[in-house]
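# Chain and residue survey
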Amino acid sequence: MSATHIIHSVPSDPLTGAISVPVYQTSTFIQEAPGVNKGFDYARTNNPTRKVLEDLVAKLERGNSAFAFATGLAAIDSVLKLLSTGDEILAVDDIYGGAYRLFTHVYQKLGIKVTYVDTTEVANVAKAITSRTKLVWIESPTNPTLKVSDIATISTIAKSVGALLVVDNTFASPIGQNPLDLGADIVIHSGTKYIGGHSDLVAGLVVTKTQELSEKIKFIQNASGGVLGPWDCFLTIRGIETLDLRFRKQCENALLVAKFLQNHEAVAKVYYPGLKQHKNYEIAKVQQAGLFGGVVSFTLKDDTQEAANQFVTNTQYFKLAESLGGVKSLLCHPAQMTHASIPRERRLKAGIQDSLIRLSCGIEEAQDLIDDLAGAFQKVTVLTEVSSF
Ligand SMILES: *Cc1c(COP(=O)(O)O)cnc(C)c1O
């Protein structure tokens, strides 16, 4: 969807001509007679501000419908509620930690089995899928090592057993890729990240490909009630108006930052799907239309938590915080922050080494970001030298 199309898909208010979307801060709607209303009766079921956001996101992801939830995890939860006891999920091994926690500690005890495989090798998916697999769950790129899976091929494998393919598209954003066009059935976003884009809200979105799935998710959204409030819907709409501009700038910055890191003597390994050295570069290039995202991860030659700590506490523009996708650059140390709940052995297997640092590039000037990182490297080097006496 072009930037023009996005901006002009946000309707003005038909009642007053207000050019921006009104925030309908109301719980209920007056009815002319029982059951006779203007399309809205109660704000959990529907709200005009939320409807604008949901229609906009459906267009952005080229789906049948979209549904807005209070957080990304509430969106994920609504999709899991499509399942029944005995059903199975086949999921990417590098899955978002919060999704792993929900699968393991909430749904597994309800009798839903989850199998994790490295989905970057499609053969692993074909091998692990069974007749009981109801959902194939992937993220592409993944967090924090940015592994990319072949969505179209995996969708064919899912279809062969009648399973639905769910793609958590948070890291690619709807500007980078539209999984429904590649054969996925459901797309998830943490609207907290690129879509909101300003680190000022939490939100989740589900986009469905078919009318049948739309009706099921709509039922669950109303039945479980984890909807996004009107004010946050308004902020999310406003974020989407600049999504194209922001995401492209973040991708541009991230590529320059990744190239700088690659050439730095203190860096051991850089993870960015836009680098030719990345093992999934070829598929990422085609699948993400050359837009590789704003997140870059890297490890230090001094592969210790101490060195990583020195680095992440010595940047100026990159603020030390969890989350990603906002206009302001952030960095984090996954082993102690986002992935701290994963045992070290498992973490190392997933490539999350002790010194791994994740950057989320914002929309600042690329050179300022690079200078900021260069300064932090100097601090780490000085400390290493001092401590070797
Ligand atoms: C952040 C994130 C989520 C969870 O979203 P919340 O809005 O924090 O609940 C899910 N998937 C991915 C890939 C994420 O990065």
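Read on for an overview of the structure. (Residues numbered from 1 in each chain as written. Predicted model: local features only at pLDDT ≥ 70, side-chain atom pairs only at ≥ 80, totals over all residues. Heavy atoms only, no water.)

Around the ligand sit 13 residues in total, of which Gly 72, Asp 168, Ser 190, Thr 192 and Lys 193 are the nearest. The backbone of Leu 73 places a nitrogen or oxygen atom 2.9 Å from an oxygen atom of the ligand. No other element matches the three residues that helix α3 (residues 72-80) contributes to the shell around the ligand. Here the residues of the shell around the ligand are counted per class, giving five nonpolar, five polar and three charged. (Near = heavy atom within 4 Å. Polar contact = N/O pair within 3.5 Å; in protein donor to acceptor, adjacent residues only side chain to side chain. Helix = DSSP H or I, 4+ residues; strand = E, 2+ residues; numbered from the N terminus. Nonpolar A, V, L, I, M, F, W, Y, C, P; charged D, E, K, R; others polar.)

The next point concerns the sheet that holds strand β11 (residues 330-332). Strand order across the open sheet formed by five strands is β8-β9-β12-β11-β10, with mixed pairing between neighbours. Strands with a single pairing partner mark the edges of an open sheet, and in this sheet they are β8 (267-271) and β10 (319-320). In this structure, β8 lies alongside strand β9 (residues 295-300), joined through four bridges in antiparallel fashion. Within the sheet, the bridge partner assigned to Tyr 271 lies in β9 and is Ser 297. (Pairing = 2+ DSSP bridges.)

Mapped onto the secondary structure, Thr 170 falls in the loop between β5 (164-168) and α7 (173-176). In this structure the side chain of Thr 170 is engaged in a polar contact, spanning 2.9 Å, whose partner is the backbone nitrogen of Ser 190.

Let us now look at the pattern of salt bridges. Taken as a whole and judged by the stated rule, the model has eleven salt bridges. Across the pair Asp 93 and Lys 147 runs a salt bridge, and its minimum N-O distance is 3.3 Å. One end of the pair, Asp 93, is in the loop between β2 (88-92) and α4 (97-107); the other, Lys 147, is in the loop between β4 (133-139) and α6 (151-160), and 54 residues separate them in sequence. Residue Asp 93 is classed as partly exposed on the basis of its relative accessible area, which comes to 27%. With a closest N to O distance of 3.9 Å, Lys 285 and Glu 282 form a salt bridge. Pair noted here: Lys 285 and Glu 282 are both in helix α11 (residues 281-287), with a separation of three residues, about one helical turn. Overlapping salt bridges bring together Asp 93, Asp 118 and Lys 147 as one network. (Salt bridge = Lys/Arg side-chain N within 4 Å of Asp/Glu carboxyl O. Buried < 20%, exposed > 50% of the residue type's maximum accessible area, 1.4 Å probe, protein only.)

Here the structure, examined in full by the defined rule, presents eleven aromatic pairs. Ring geometry for Tyr 194 and Phe 247: centres 4.9 Å apart, planes at 90°, overall edge-to-face. With Tyr 194 in the loop between β6 (186-190) and β7 (204-208) and Phe 247 in helix α10 (residues 243-262), the pair connects residues that are 53 residues apart, well separated along the chain. Judged by relative accessible area, which is 2%, Tyr 194 ranks as buried. Measuring from centroid to centroid gives 4.7 Å for Phe 311 and Phe 377, while their planes differ by 55°, and the two rings are tilted. Here Phe 311, found in helix α12 (residues 305-312), pairs with Phe 377, found in helix α14 (residues 366-387); they are 66 residues apart in sequence, far enough to count as distant. Using a relative accessible area of 0% as the deciding quantity, one classes Phe 311 as buried. According to the relative accessible area criterion, Phe 377 is buried, its value standing at 2%. Through successive ring pairs, a cluster of aromatic residues spans Phe 260, Phe 298, Phe 311 and Phe 377. (Phe/Tyr/Trp six-rings, centres within 6.5 Å; stacked < 30°, edge-to-face > 60°.)

For the rest of this paragraph, the subject is the nonpolar core. Counting residues in each nonpolar core, the largest one holds 73 residues, and the members touching the most others are Leu 80, Ile 89 and Trp 137. With six residues, the top contributor of residues to this core is helix α2 (residues 48-60). Residue-level mapping places this core at the junction of two domains, with at least three residues from each of domain 1 (3-241) and domain 2 (245-387). Among residues more than four places away in sequence, those in contact with Trp 137 are Ile 76, Val 79, Leu 80, Ile 89, Leu 90, Ala 91, Val 92, Ile 95, Phe 103, Val 166, Asp 168 and Ile 188. (Core = buried A, V, L, I, M, F, W, Y, C linked by side-chain atoms within 4.5 Å. Domains from an automatic or database assignment. Contact = heavy atoms within 4.5 Å.)

For the bond from Ser 140 to Pro 141, the omega torsion is -5°, close enough to zero to count as cis. Structurally, Pro 141 can be placed in the loop between β4 and α6. For the bond from Asn 143 to Pro 144, the omega torsion is 0°, close enough to zero to count as cis. Structurally, Pro 144 is set in the loop between β4 and α6. Backbone geometry places Ala 289, a non-glycine residue, at a positive phi of 50°. Positioned with a positive phi, Ser 323 is a non-glycine residue whose angle comes to about 85°.

Our next topic: the environment of Lys 81. One can find Lys 81 in the loop between α3 and β2. Since its relative accessible area comes to 36%, Lys 81 is described here as partly exposed. Separated by 135 residues in sequence, Lys 81 and Lys 216 have C-alpha atoms that sit 9.5 Å apart. Setting aside anything within four residues of it in sequence, one finds Lys 81 in contact with Tyr 107, Ile 220 and Ser 224.

So, about α12. Within the span of α12, buried status applies to Ala 307, Ala 308, Phe 311 and Val 312. Looking straight down α12, one finds its buried side chains confined to an arc of 125°; they lie on one side. (Arc of directions from axis to C-beta.)

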